[in-house]
Amino acid sequence: MAKKSNRPSWDEYFLKVAMLVSERATCPRMHVGCVLVKDKQILATGYNGSIPGDGHCEDDGCVIVDNHCVRTNHAEINAITQCARHGIITDGAKAYVTNMPCTTCSKALIATGIKEIVVFSDYHSTLATDFFKKANVPIRKLPMPAGNIQYDIDSYSSAKKINFDEENK
Ligand SMILES: [Zn+2]
Ligand SMILES: [Zn+2]
């Protein structure tokens, strides 16, 4: 009999995607992932990373101003700019973010029409809570989903493993 799958809820799924996206972050001080979602579909993703063409914090060091690294665009901004580049409407979408947005990102999310924020971690200093409250944007705080990805290839009877030694001959 087939093993019952451990299927994530929609919230767990999008938060887990945000965690995966955060693996691409380039600033060692913070790894954040953001997923913009509408009607249970992903519009765009973003992680904190340098502007296109610039060096990464990891390689060239952080650029510190007032004790914050300002080299990167934050995950939320990068998700929003991805929508801007591709002409994707963000109005009415939800933002799943690994961490509570910073003050600047909260303002950008509000202005871009985001209607709900879902996070599993707070951020050290931010006015986001005040801004979201003023804008009537609810924040939902959920437990952090399990960090592992379940892909049990050995148990899937229809999966046929690739023999890379043969393929690369
Ligand atoms: Zn940095
Ligand atoms: Zn931010």
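Just above, that's the structure.
Just so you know, these numbers come straight off a predicted model, no measurement behind them. (Residues numbered from 1 in each chain as written. Chains lettered and ligands numbered in written order. Predicted model: local features only at pLDDT ≥ 70, side-chain atom pairs only at ≥ 80, totals over all residues.)

A. Just the pairing of strand E8 (residues 116–119), in detail. What you see with E8 is a clean split: Ile117 and Val119 sit on the buried side and Glu116 and Val118 on the side with no burial. The pairing of strand E7 (residues 94–97) with E8 spans four bridges and is classified as parallel. The residue of E8 that forms the bridge with lysine 94 is glutamate 116. (Buried ≥ 20, exposed ≤ 12 C-beta atoms within 10 Å, placed from the backbone. Helix = DSSP H or I, 4+ residues; strand = E, 2+ residues; numbered from the N terminus. Pairing = 2+ DSSP bridges.)

B. Broad picture of the pairing of strand E2 (residues 41–47). The buried count for E2 comes to five of seven residues, which makes it a mostly enclosed element. Hairpin connection between strand E1 (residues 33–38) and E2: a loop of two residues separates the two successive antiparallel strands, and aspartate 39 in this loop has a positive phi of roughly 50 degrees.

C. Region of the structure containing the environment of glutamate 58. You can see glutamate 58 is positioned in helix H2 (residues 57–60). Overall, glutamate 58 belongs to the exposed group, with 12 C-beta atoms counted inside 10 Å. Note: C-alpha distance between glutamate 58 and phenylalanine 131 (73 residues apart in sequence) is 32 Å. Residues contacting glutamate 58, with those up to four places away along its chain left out, are Thr26 and Pro28. (Contact = placed C-beta atoms within 7 Å.)

D. Inspection of the packing of helix H3 (residues 75–86) against helix H4 (residues 103–111) at higher detail. In the contact formed by H3 and H4, the axes pass within 9 Å of each other and the chain directions differ by 30 degrees. In terms of their interaxial angle, H3 and H4 are classed as roughly parallel. In this structure, H3 meets H4 at a crossing whose hand is left-handed. Counting all contacts with H3, which are made through Glu76, Ile77 and Ile80, the residues of H4 involved are Cys105, Ala108 and Leu109. A breakdown of the residues in the contact of H3 with H4 according to their chemical character gives five nonpolar, no polar and one charged. (Axes fitted to C-alpha atoms, helices over the stretch in contact; angles between N-to-C directions. Parallel < 35°, antiparallel > 145°, perpendicular 65-115°, else oblique. Left-handed = near helix turned anticlockwise from the far one by under 90°. Nonpolar A, V, L, I, M, F, W, Y, C, P; charged D, E, K, R; others polar.)

E. View of the environment of aspartate 11. Secondary-structure assignment places aspartate 11 in helix H1 (residues 10–22). Classification of aspartate 11 by C-beta neighbours within 10 Å gives partly exposed; the count is 17. Measuring from C-alpha to C-alpha, the distance between aspartate 11 and proline 145 comes to 9.1 Å, with 134 residues separating the pair along the chain. Ignoring any residue separated from it by four or fewer positions in sequence, one finds aspartate 11 in contact with Val118 and Leu142.

F. Examining H1 more closely. Along its 13 residues, H1 runs 18 Å from first to last C-alpha, staying within 8% of the 18 Å computed at 1.5 Å per residue. Buried within H1 we find Phe14, Leu15, Lys16, Ala18, Met19, Val21 and Ser22. Looking at the buried side of H1, the elements it contacts are E1, E2, E7 and E8. (Expected span 1.5 Å × (residues − 1).)

G. Quick look at the sheet that holds E2. Here we have five strands laid out as an open sheet, ordered E2-E1-E7-E8-E9, and mixed in their pairing. Either end of the sheet is taken by a strand with one partner, and the two such strands are E2 and strand E9 (139–141). Each adjacent strand pair in this sheet contributes to an overall mean axis angle of 20 degrees, direction not counted. Packing against the sheet, H1 makes contact with E1, E2, E7 and E8, and its axis sits at approximately 140 degrees to E1. Sitting on the sheet, H3 touches E1, E2 and E7, and the angle it makes with E2 is about 130 degrees.

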